[in-house]
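Residues per chain are reported as follows:
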Amino acid sequence: MTDHLFSPIRIGHLEVPNRIAIAPMCQYSADDGTASDWHLHQWMTYALSGAGMVTFEMTDVERHGRISHGCLGLYSDHNEAAAKRTLDAARRVAQPGTVFGVQLAHAGRKASCRRPWEGGGPLQAGQDPWQTVSASALPFADGWHTPHAMTEDEIHTLIGHFVSSAHRARRAGLDFIELHAAHGYLLHQFISPLSNLRTDRWGGSFENRVRLAVEVTRAIRGEVPELMLGARISVTDWVEGGLTVDEGVQVAQALEEAGAAYICCSSGGNSPHQKIPTGPGYQVHLAEAVKKAVTVPVRAVGIITEPQQAEAIIAEGRADMVALARAILADPRWPWRAAAALGHEIRTAPQFLRASDLHKRWVA
Ligand SMILES: Cc1cc2nc3c(=O)[nH]c(=O)nc-3n(C[C@H](O)[C@H](O)[C@H](O)COP(=O)(O)O)c2cc1C
């Protein structure tokens, strides 16, 4: 019996039944931002997974904030109605206590791309591309769209889009919002000195570069206090001259001060020159560094695939939660297996009871 991975945790005003989170994963399967039958299948599956915290995919706050034509959004009444319908169905089958959130985002200069299975990379003429925006007019890489550097007015409009999507998330019935300030998307593009060469109050010093993420956090907190709000950050760019771990820790502190109730510690995504030493738990040290500097719960992510590995991260106090992406995409019953492996009884729906011995046998 373990008290760590399967112990409850309070995040903001939410009581989460265990320390396993499903990390946000784009599905590129929406229609003009509207959830499809694919989402219905996936959200219901996640609801039954046994993960205490389900974070739905990067969900864009405006049409041109989408990575691809298939990305999920919360920018229209249609998007909101479908999200509500899909979430209502998921809640009807959910494990008791599961909390559901969406990751709100804008892709900035990494918008207007093909779906990964269409080859990824920028949309070409004839594929309905659009003008992208960013902190500065610097493309992500050679051959990518050159973004338009946002004006002061456009920045204020953007903050309004985040707030409006947060209201839509609340009306759709979600429990929390995760602000996507990682992986080279728009908020990270402002934070990182690699992509932000501005000389106004939105660029230059650390305080200026982090201002947009802070303002968005404050605006959502102030206007939609009913929802718990957390943030995902890239703690480092893994590039010489980019965001360092020291600065990444300061980003976490600034967002905590602005009202973020948890910090998910990821990295990279803002430069094709990044050199990431990937391997099991390769970002856990980043969560550990952030955890020493903030008081809110900290989530570790990145090649956490084994129950004992996840249990040790929590037991050793390196992070307060673990987030799993590919392991749960491949096996949405991962938390059940983890429970069986760690000798913990997980409550599954009664319809599954006659198969519960099989879970124990899977891990034997
Ligand atoms: C299919 C797929 C889609 C992803 N989409 C998102 C996303 O929408 N937002 C995000 O912050 N990270 C996204 N990620 C990154 C994951 O959340 C996670 O940080 C990364 O895959 C490392 O965790 P893992 O080793 O458990 O997969 C995605 C990853 C995958 C595999």
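Residues numbered from 1 in each chain as written. Predicted model: local features only at pLDDT ≥ 70, side-chain atom pairs only at ≥ 80, totals over all residues.

1. Quick notes on the packing of helix α6 (residues 211-223) against helix α7 (residues 245-258)
The criterion, for reference: Lines are fitted to the C-alpha atoms to define the axes, a helix being fitted only along its stretch in contact, and any angle between axes, read from their N-to-C directions, falls within 0 to 180 degrees. Each helix is a run of H or I in the DSSP string that is no shorter than four residues. Each strand is a run of E no shorter than two, and both are numbered from the N terminus. For this classification, under 35 degrees means roughly parallel, over 145 means roughly antiparallel, 65 to 115 means roughly perpendicular, and everything else is oblique. We call a crossing left-handed when the near helix sits turned anticlockwise from the far one by less than a right angle, and right-handed when that turn is clockwise. Contact definition: two residues whose C-beta atoms, as placed from backbone geometry, lie within 7 Å.
Two elements in contact, α6 and α7, have axes separated by 8 Å at closest approach and are oriented at 25 degrees. Regarding the angle of α6 to α7, the classification is roughly parallel. In this structure, the crossing between α6 and α7 has a hand that is right-handed. The segment α6 lies against α7, with Ala-213, Val-214, Thr-217, Arg-218 and Arg-221 engaging Ala-254, Leu-255 and Ala-258.

2. Here we look at the site of the ligand
Rules: Placing the C-beta atom from the backbone, one calls a residue near a molecule or strand if that atom lies within 6 Å of it. Any residue that is not Ala, Val, Leu, Ile, Met, Phe, Trp, Tyr, Cys, Pro, Asp, Glu, Lys or Arg is counted as polar, Gly included; the first ten are nonpolar and the last four charged.
Within the structure, the ligand sits among 20 residues, and Ala-23, Met-25, Met-58, Ala-325 and Arg-326 are positioned closest to it. For the shell around the ligand, a count of residues per class yields twelve nonpolar, five polar and three charged.

3. Points about the nonpolar core
The nonpolar side chains of a soluble globular protein tend to be buried, and buried together. Applied cut-off: Structurally, a nonpolar core is described as a collection of buried Ala, Val, Leu, Ile, Met, Phe, Trp, Tyr and Cys residues joined by way of C-beta atoms within 7 Å. Remark: C-beta atoms are placed from the backbone, and a residue is labelled buried if 20 or more other C-beta atoms sit within 10 Å of its own, exposed if 12 or fewer do, or partly exposed between those counts.
Core analysis: the largest hydrophobic core is formed by 109 residues, its most contacted members being Ile-177, Leu-187, Ala-213, Leu-255, Ile-263, Cys-265 and Val-322. Once residues within four sequence positions are removed from consideration, Cys-265 is found in contact with Ile-233, Val-235, Gln-283, Leu-286, Ala-287, Val-290, Val-298, Arg-299, Ala-300 and Val-301.

4. Remarks on the environment of Trp-38
Looking at the element boundaries, Trp-38 is found in helix α1 (residues 37-47). In the structure, Trp-38 is positioned eleven residues away from Gln-27 in sequence and 8.5 Å away in space, judged by C-alpha atoms. In this structure Trp-38 touches Gln-27 and Ser-29, once residues within four positions along its chain are discounted.

5. Quick word on unusual backbone geometry
If you check the backbone angles, His-183 has positive phi at about 55 degrees while not being a glycine. Within the secondary structure layout, His-183 lies in the loop between β9 (176-181) and α4 (186-191). Of note in this structure, Trp-238 is not a glycine but carries a positive phi near 60 degrees. Tracing the chain through its elements places Trp-238 in the loop between β10 (228-234) and α7. The class of Trp-238 is buried, set by 20 C-beta atoms lying within 10 Å.

6. Topic: the pairing of strand β11 (residues 263-266)
Where we set the bar: A pair of strands is labelled paired if DSSP reports no fewer than 2 bridges between them. Note on handedness: a crossover is taken as right-handed if, strands pointing away from the viewer, the path from the first strand over the helix to the second is clockwise.
The two faces of β11 match: Ile-263 and Cys-265 on one face and Cys-264 and Ser-266 on the other face are all buried. Here β10 runs beside β11; their pairing, made up of four bridges, is parallel. In the strand pairing of β11, Ala-231 is matched with Ile-263. Regarding the hand of the β-α-β motif, the stretch spanning β10, α7 and β11 is right-handed. As for the winding sense of the linkage, the β-α-β connection from β11 through helix α8 (residues 284-291) to strand β12 (residues 298-301) is right-handed.

7. A closer look at the pairing of β10
Successive residues of a regular strand alternate their side chains across the two faces of the sheet. The element β10 is extensively covered by neighbouring structure, given that seven of its seven residues are classed as buried. By the alternation rule, side chains of β10 split into Met-228, Gly-230, Arg-232 and Ser-234 and Leu-229, Ala-231 and Ile-233, which are all buried. Direction of pairing for β9 relative to β10: parallel, over a ladder of six bridges. Residue His-180 lies in a different strand from β10, and its bridge partner there is Arg-232.

8. Thoughts on helix α3 (residues 152-172)
For the record, the criterion: Between the first and last residue of a helix there are one fewer steps than residues, each counted as 1.5 Å, and that sum is the expected span. Each direction from the helix axis to a C-beta atom contributes to the arc, which is the arc of those directions.
Compared with the 30 Å implied by 1.5 Å per residue over 21 residues, the 31 Å span of α3 between its first and last C-alpha is a close match. Ile-155, Leu-158, Phe-162, Ser-165, Ala-166, Arg-168, Ala-169 and Ala-172 are the residues of α3 that are buried. The arc that holds every buried residue of α3, seen down its axis, measures 160 degrees, which confines them to one face. Summarising the geometry of α3, the exposed residues directed more than 90 degrees from the buried face are Glu-152, Asp-153, His-156 and Thr-157. Those residues of α3 that are buried are in contact with α2 (77-93), β6 (99-105), β9 and α6. Looking one or two residues beyond α3, the residue adopting positive phi is Gly-173, at roughly 100 degrees.

9. Concerning the packing of α7 against α8
Following both chains from N to C, one finds α7 and α8 inclined at 55 degrees, their axes separated by 9 Å at the closest point. Taken together, the axes of α7 and α8 lie oblique to each other. Classified by chirality, the crossing of α8 by α7 is right-handed. Every residue of α8 that contacts α7 at Val-245, Gly-248, Val-249 and Ala-252 is listed here: Leu-286, Ala-289 and Val-290. Split into classes, the residues belonging to the contact of α7 with α8 amount to six nonpolar, one polar and no charged.

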